[in-house]
Every structure is written in C-alpha cells, then in structure tokens.
Amino acid sequence: MGGDNGFGAAYGTAKAGVGLSKMGVLRPDLVMKAIVPIVMAGIIGIYGLVVSVLISDGLKQRMALYTGFIQLGAGLSVGLSGLAAGFAIGVVGDAGVRATAQQPKLFVGMILILIFAEVLGLYGLIVGLILNTKASGGDVGCS
C-alpha cells in the first residue's frame, strides 16, 4: 500500500536526477535551481509514511472487517496516487530540467507542471486521511 508511494518517489527522484546530471554538464550554474523536481519527488514518499503511521496506530489483533477494508482503501489511495505522481514528476522533471538548460524561460512552466503533478499525490493523501478517520466505525468482526 504505502510501498507504492515509495516506488513513485524513487522513480521520480531517479528520473529527475538523471536529467539534472545531464543538464549539469551543460549548465553547472543551474544545478541548484533545477533540483526542485528531486525535492518534490521526495515529498511524495512522506505522504505514504504519514498514512502508514496513522493506519498502524489503529491495528489490533481482532478488528472489524469494515475497519480493515477502510484501512486498505486508505493505503491504496495514498500509494497508487503517490505512484502516479512520482512517475509524472520524474518524467516532467527530466524533460523540464533539460529544457531549462537550453531555455531558462521554461523554468516557471516546469514548476507549474510539477505542482500539478504533486497535487495528484496530495489528493490521495487527503482521501486516505478521510478514509482513516472513518475506519473506527462498523461492528462486523472476523472470528
């Protein structure tokens, strides 16, 4: 569940890091400015950590089936949206950083697209948090 989030963050970091390395050869003066996609990809991983800690706080030996499925849904919503956001950040970060090396005016456009990609992961976090708050209801248990 939350591991998908880590896959997305790792892919985004790796893909954007490759673009940053290639861009750094041509324009070493822009390396610190172009590190933004890598930082944004790392933030995606934090979303999964937050929801995983909240879900693990509610785990018990015997719990309602309803609670288990709600927690599964919360983890999947954060994990899969984080995976998608990490992929988007990686692809946009790689291409955007390389394009910024050739035309610095593209930096603002790259940042805007990265923000829209990051928000995909944030939406999953919000849904996961809402689902996790509803996980305490239900009285159908497994025996």
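Preceding this section is the structure that the text describes.
Predicted model only: the values in this text are computed from it and were never measured.

1. Some thoughts on the overall build of the protein
Within the protein one finds four helices and zero strands. When the helices and strands of the protein are placed in sequence order, the string is α-α-α-α. Its C-alpha atoms give the protein a radius of gyration of 18 Å, clearly above 15 Å, the size a compact globule of 143 residues would have. Dimensions of the protein, computed from the C-alpha atoms along their principal axes, are close to 65 × 20 × 15 Å. Every one of the 143 residues in the protein was classed for burial, and the buried ones make up 38%. At a minimum sequence separation of 6, the contacts of the protein that also span at least 24 residues come to 82%. Accessible area for the protein stands at about 7,800 Å²; split by element, carbon and sulfur atoms hold 73% of it.

2. Side note on the nonpolar core
Ranked by size, the top nonpolar core spans 25 residues in total, and within it L20, M23, I44, I89, V97, M110 and L114 carry the most contacts. Of all the secondary structure elements, the ones that give two or more residues to this core are α1 (2-26), α2 (36-57), α3 (65-102) and α4 (107-133). The element that contributes the greatest number of residues to this core is α2, accounting for seven residues. Discounting chain neighbours no more than four positions away, the residues touching V97 are G19, L20, M23, A34, P37, V92 and M110.

3. A short note on the environment of R27
Following the sequence through the fold, R27 ends up in the loop between α1 and α2. Sequence separation between R27 and A99 is 72 residues; the distance between their C-alpha atoms is 11 Å. Discounting residues that sit within four places of it in the chain, R27 has contacts with A101 and P104. A polar contact is formed between the side chain of R27 and the backbone oxygen of A101, at a distance of 3.2 Å.

4. Here we look at the packing of aromatic side chains
One pass over the structure, following the stated rule, counts one aromatic pair. Taken together, a centroid distance of 4.3 Å and an interplanar angle of 40 degrees make the contact between Y11 and F87 tilted. Pair noted here: Y11 is in helix α1 and F87 is in helix α3, with a separation of 76 residues, a long-range link. Exposure remark for Y11: the relative accessible area of 32% places this residue in the partly exposed category. Residue classification places F87 among the partly exposed positions, given a relative accessible area of 40%. Over the face of the ring belonging to F107 we find K33, whose NZ or CZ atom lies 4.6 Å from the ring centre.

Cut-off values and rules
- Residues numbered from 1 in each chain as written.
- Predicted model: local features only at pLDDT ≥ 70, side-chain atom pairs only at ≥ 80, totals over all residues.
- Heavy atoms only, no water.
- Helix = DSSP H or I, 4+ residues; strand = E, 2+ residues; numbered from the N terminus.
- Rg over C-alpha atoms; globule rule 2.2 N^0.38 Å.
- Buried < 20%, exposed > 50% of the residue type's maximum accessible area, 1.4 Å probe, protein only.
- Contact = heavy atoms within 4.5 Å.
- Areas by Shrake-Rupley, 256 points an atom, 1.4 Å probe, with all protein chains shown as cover.
- Core = buried A, V, L, I, M, F, W, Y, C linked by side-chain atoms within 4.5 Å.
- Polar contact = N/O pair within 3.5 Å; in protein donor to acceptor, adjacent residues only side chain to side chain.
- Phe/Tyr/Trp six-rings, centres within 6.5 Å; stacked < 30°, edge-to-face > 60°.
- Lys NZ or Arg CZ within 6 Å of the ring centre and 35° of its normal.

Coordinates in, geometry out; function isn't part of it.
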